[in-house]
Amino acid sequence: QVHLEESGGGLVQAGGSLRLSCAASGSTSSINVFGWYRQPPGKQRELVATSDTGGNTNYADSVKGRFTVSRDNAANAVNLQMNSLRPEDTAVYYCHLNNWIPFEWRTYWGQGTQVTVSS
């Protein structure tokens, strides 16, 4: 079992910054994709940023240049540094982990943390 716990959400003014963190309580596999999705009010859940064990990162076009995803391997965690925040970034942000366990991907989700950006 893997449990994901997000922290760092809150209310911030447009142009400000927040840092989200997600710690995995269980062991992650040697091949995984660890990152963030978000769900704005009234919209579908969408990918924000991911980092895999091959050193690759993936960002939604809307956050490129503003958000940075990084790993803290010692803490078994993934972080999301969010700069230059905009009101349209308002959403519930979910930590997401895909573990490769031969021969399948196992998916885990955090409970979500609210990010609200005021105009």
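Structure: see above.
Model, not experiment: these values are computed from the prediction.

Calculation rules
Residues numbered from 1 in each chain as written. Predicted model: local features only at pLDDT ≥ 70, side-chain atom pairs only at ≥ 80, totals over all residues. Heavy atoms only, no water. Helix = DSSP H or I, 4+ residues; strand = E, 2+ residues; numbered from the N terminus. Areas by Shrake-Rupley, 256 points an atom, 1.4 Å probe, with all protein chains shown as cover. Lys, Arg positive; Asp, Glu negative; His and termini not counted. Charge placed at Lys NZ, Arg CZ, Asp CG, Glu CD. Pairing = 2+ DSSP bridges. Axes fitted to C-alpha atoms, helices over the stretch in contact; angles between N-to-C directions. Core = buried A, V, L, I, M, F, W, Y, C linked by side-chain atoms within 4.5 Å. Buried < 20%, exposed > 50% of the residue type's maximum accessible area, 1.4 Å probe, protein only. Phe/Tyr/Trp six-rings, centres within 6.5 Å; stacked < 30°, edge-to-face > 60°. Lys NZ or Arg CZ within 6 Å of the ring centre and 35° of its normal. Disulfide = S-S within 2.5 Å.

## Notes on the overall build of the protein
Thinking step 1. When you go through the protein residue by residue, the secondary structure sums to zero helices and eleven strands.
Thinking step 2. The helix and strand sequence of the protein, counted from the amino end, reads β-β-β-β-β-β-β-β-β-β-β.
Thinking step 3. Expressed along its principal axes, the backbone C-alpha trace of the protein runs to roughly 45 × 25 × 25 Å.
Thinking step 4. Carbon and sulfur atoms provide 46% of the accessible area of the protein, an area that totals close to 6,300 Å².
Thinking step 5. Distance between charge centres in the protein, computed from 9 positive and 9 negative side chains, equals 3 Å.

## A word on the sheet that holds strand S3 (residues 18–24)
Thinking step 1. Ordered by their spatial adjacency, four strands build an open sheet running S1-S3-S8-S7, and the pairing between neighbours is antiparallel. The open sheet has two free edges, formed respectively by strand S1 (4–7) and strand S7 (67–72), since each of these has just one partner strand. Each neighbouring strand pair of the sheet contributes to a mean axis angle of 15°, computed without reference to strand direction.
Thinking step 2. When S3 meets strand S8 (residues 77–82), the two strands line up antiparallel, connected through six bridges. Within the sheet, the bridge partner assigned to alanine 23 lies in S8 and is alanine 77.

## Here we look at the nonpolar core
Thinking step 1. Counting residues in hydrophobic clusters, the biggest one holds 27 residues, and the most contacted among them are Leu4, Trp36, Leu80, Met82 and Tyr93.
Thinking step 2. Taken together, the elements giving at least two residues each to this core come down to S3, strand S4 (32–39), strand S5 (46–52), S7, S8, strand S9 (91–101) and strand S11 (113–118).

## Comments concerning the packing of aromatic side chains
Thinking step 1. Scanning all chains against the criterion turns up three aromatic pairs.
Thinking step 2. Ring geometry for tyrosine 94 and tryptophan 109: centres 6.4 Å apart, planes at 85°, overall edge-to-face. Pair noted here: tyrosine 94 is in strand S9 and tryptophan 109 is in strand S10 (residues 104–109), with a separation of 15 residues, a long-range link.
Thinking step 3. Look at tryptophan 109 and you get partly exposed, because its relative accessible area is 38%.
Thinking step 4. By the ring-pair criterion, three or more aromatic residues cluster together here, those being Tyr37, Tyr94 and Trp109.
Thinking step 5. Sitting over the face of the ring of tyrosine 94, arginine 45 holds its NZ or CZ atom 3.7 Å from the ring centroid.

## Describing the state of the cysteines
Thinking step 1. Enumeration according to the criterion identifies one disulfide in this entry.
Thinking step 2. Here cysteine 22 engages in a disulfide with cysteine 95; their sulfurs sit 2.0 Å apart. The S-S bond linking cysteine 22 to cysteine 95 shows a torsion near -85°; that makes this disulfide left-handed. Linking cysteine 22 in strand S3 with cysteine 95 in strand S9, this pair joins segments that are 73 residues apart in sequence.
Thinking step 3. On the basis of relative accessibility, which here comes to 1%, the residue cysteine 22 falls in the buried class.

## Quick look at the pairing of S1
Thinking step 1. Along S1, the buried face is formed by Leu4 and Glu6; none of Glu5 and Ser7, which line the opposite face, is buried.
Thinking step 2. Here S1 pairs with S3 via four bridges, running antiparallel. Opposite glutamate 5, over in S3, you have alanine 23 as the bridge partner.

Remember that the coordinates give geometry; whether it matters functionally is a separate question.
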